Amino acid sequence: MASVTNFIRNTPLASLRDYFTAAGIEFPTPVNWDAPEPEVVRPLLQAVDQMDDEARGRVINDGERVGAMADVAGQTALYSVVDDREVLDELENGHARAMWLFINDLNRFRHAEEVRFTDERRRGRSWDGFICEANLNLRRDELALNAFKAALCQRFASRNVHVDIFERVRPTFEGEDCDLVQITVYREGLPDDQFAFDEGELVRRAYRPVFEAAMTYEPASGVIEVVANDRESRAEMAQYLARDLLGVEFRDEKVPMRRYDLAVLLAPHAFPTDIEDGIERVEVRQLRLMPIDAVGERVTLEAMSKAERDIWTMAEARLGPDNPLTGGWVATQAKLVIKFQPKPGARRGRTLPLTITMPHGCNLKDQTEEEQLIGEKYLRRWGVVVDDPILIDD
């Protein structure tokens, strides 16, 4: 019941009342919605606990879905699919915004969940990007969709395939949104079985799992992105999208991978930032170095958070003529910390830790959408990101 407790305690009472009314869920005991909030929460939790299994299970599942979209990444996903953002802006908190969309437009709420699924895996191990023609209209007529589904069914030996196609946006580090079309695919897998209880007896019950994958097409750049666990299938899915929905020949040309260059960190760096981003300072906490003439050796320099001098001054003072930062060594990994100024009412500002490994590794993909935009913006500005102009923004 922990998820239900979190759901009820964090969702405004007006939103909760709207939810239970819309869901048609009846309470075993009456709930006085007009009472002060502390006097409503406890009876409401007790009422949910006393519901039958079906009603309680529905509240638990719905609460988990709404709660999952109440954090920063979830809110970004919600805003990426709604037309009137002012409606969400006026609501009290993340739970209220997620609940409003859940009640008023369940399809768009699911689209927001699909956006989160896609963007959280972007640039990760489940992702590939491909170059296609720009400014194409994506077909959604029955003939095109049937051809697309048939190709997927044949490729994955699936009996059933469901496809969601919708417009959305993705924020960029310049502060503007880029327009995308997202294509989410649900396909039925091969038969499997799992344990279940049948009138108290443990049995194995057959079922067919459902697998999710997603693609996006950005008209402005022509880039197709694919998120799917099966690496071999990602190019094929992009091919079906190009052929059946975009009506062009697929070139199987991948978006160049983002490359990191840590050479700029071998010497003191100023790390310029914009005032509006509220960054207090940037620290290089660790540098891992490799000698040019011996690839099997490594040296790591580390300056802890309480160190009185930066990593470059420390290396010069401690190592003198043997300082690897003066030449003959290559930086292979760096750990940076971006420290933000405290927000009003807060004692401390938050920090954004970044670990960058040559040539393609960075933990930015594990951060929130807001942190990804900040990290991407400044790693480019500081000369740490080096990539081809075709690369799209995170």
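This one's a predicted model, so the numbers in the text were calculated from it and none came from an experiment.

### Overview of the overall build of the chain
(1) Moving on: Across its full length, the chain carries 12 helices and 14 strands.
(2) Moving on: Principal axes of the C-alpha set define a box for the chain whose edges measure 80 × 60 × 50 Å.
(3) Moving on: The buried share of the chain, reckoned over its 394 residues, is 47%.
(4) Moving on: Contacts in the chain between residues far apart in sequence, at least 24 positions, make up 64% of those at least 6 positions apart.
(5) Moving on: Put simply, the chain shows about 21,200 Å² of open surface, and 47% of that area lies on carbon and sulfur atoms.

### Thoughts on the side chain of arginine 234
(1) Moving on: Within the secondary structure layout, arginine 234 lies in helix H10 (residues 231-246).
(2) Moving on: Here the side chain of arginine 234 touches aspartate 128 through a polar contact of 2.9 Å, side chain to side chain.
(3) Moving on: In this structure arginine 234 touches Arg125, Ser126, Trp127, Asp128, Phe130, Val226, Ala228 and Asn229, once residues within four positions along its chain are discounted.

### Let's talk about the confidence of the model for the chain
(1) Moving on: Within the chain, residue pLDDT values average 91, and 97% of them lie at 70 or more.
(2) Moving on: A low-confidence stretch, residues 389-394 stays under pLDDT 50, and its non-local contacts, those more than four residues away or across chains, total 31 contacts.

### Here's the deal with the pairing of strand E3 (residues 177-188)
Residues in a regular strand point their side chains to alternate faces of the sheet.
(1) Moving on: Counting buried positions along E3 yields 9 of 12 residues, so the element is predominantly enclosed.
(2) Moving on: As paired strands, strand E2 (residues 161-171) and E3 are joined by 11 bridges and run antiparallel to one another. Bridge pairing in E3 links arginine 170 to cysteine 178.

### Things to note about the side chain of serine 233
(1) Moving on: Topologically, serine 233 is positioned in helix H10.
(2) Moving on: Setting aside chain neighbours within four positions, we find serine 233 in contact with Arg155, Phe156 and Ala228.

### Digging into the environment of proline 272
(1) Moving on: With respect to the helices, strands and loops of the structure, proline 272 is situated in the loop between strand E8 (259-260) and strand E9 (279-291).
(2) Moving on: Distance from proline 272 to tyrosine 378, taken between C-alpha atoms, is 8.3 Å for residues 106 residues apart in sequence.
(3) Moving on: Those residues in contact with proline 272 that lie beyond four places of it in its chain are Tyr378, Arg381 and Trp382.

### Some details on the packing of helix H5 (residues 72-81) against helix H7 (residues 94-104)
(1) Moving on: Their axes nearest at 10 Å, the elements H5 and H7 cross at an angle of 40°. Comparing the axis directions of H5 and H7 gives the class oblique. Here the hand of the crossing between H5 and H7 comes out left-handed. Together, Gln75, Leu78, Tyr79 and Val81 of H5 and Gly94, Arg97, Ala98 and Leu101 of H7 make up the contact between the two elements.
(2) Moving on: Counted by class, the contact of H5 with H7 contains 5 nonpolar, 2 polar and 1 charged residues.

### A closer look at H7
An α-helical turn contains 3.6 residues, so a residue and the one three or four places further along point in the same direction.
(1) Moving on: Taken across its 11 residues, H7 has 8 buried, putting it largely inside the fold.
(2) Moving on: Here H7 has its buried residues at Gly94, His95, Ala96, Arg97, Ala98, Met99, Leu101 and Phe102.
(3) Moving on: The backbone nitrogen of histidine 95 lies 3.2 Å from a side-chain oxygen of the residue at the head of H7, namely asparagine 93.

So, how was this worked out
- Residues numbered from 1 in each chain as written.
- Predicted model: local features only at pLDDT ≥ 70, side-chain atom pairs only at ≥ 80, totals over all residues.
- Heavy atoms only, no water.
- Helix = DSSP H or I, 4+ residues; strand = E, 2+ residues; numbered from the N terminus.
- Buried < 20%, exposed > 50% of the residue type's maximum accessible area, 1.4 Å probe, protein only.
- Contact = heavy atoms within 4.5 Å.
- Areas by Shrake-Rupley, 256 points an atom, 1.4 Å probe, with all protein chains shown as cover.
- Polar contact = N/O pair within 3.5 Å; in protein donor to acceptor, adjacent residues only side chain to side chain.
- pLDDT = per-residue confidence, 0-100.
- Pairing = 2+ DSSP bridges.
- Axes fitted to C-alpha atoms, helices over the stretch in contact; angles between N-to-C directions.
- Parallel < 35°, antiparallel > 145°, perpendicular 65-115°, else oblique.
- Left-handed = near helix turned anticlockwise from the far one by under 90°.
- Nonpolar A, V, L, I, M, F, W, Y, C, P; charged D, E, K, R; others polar.

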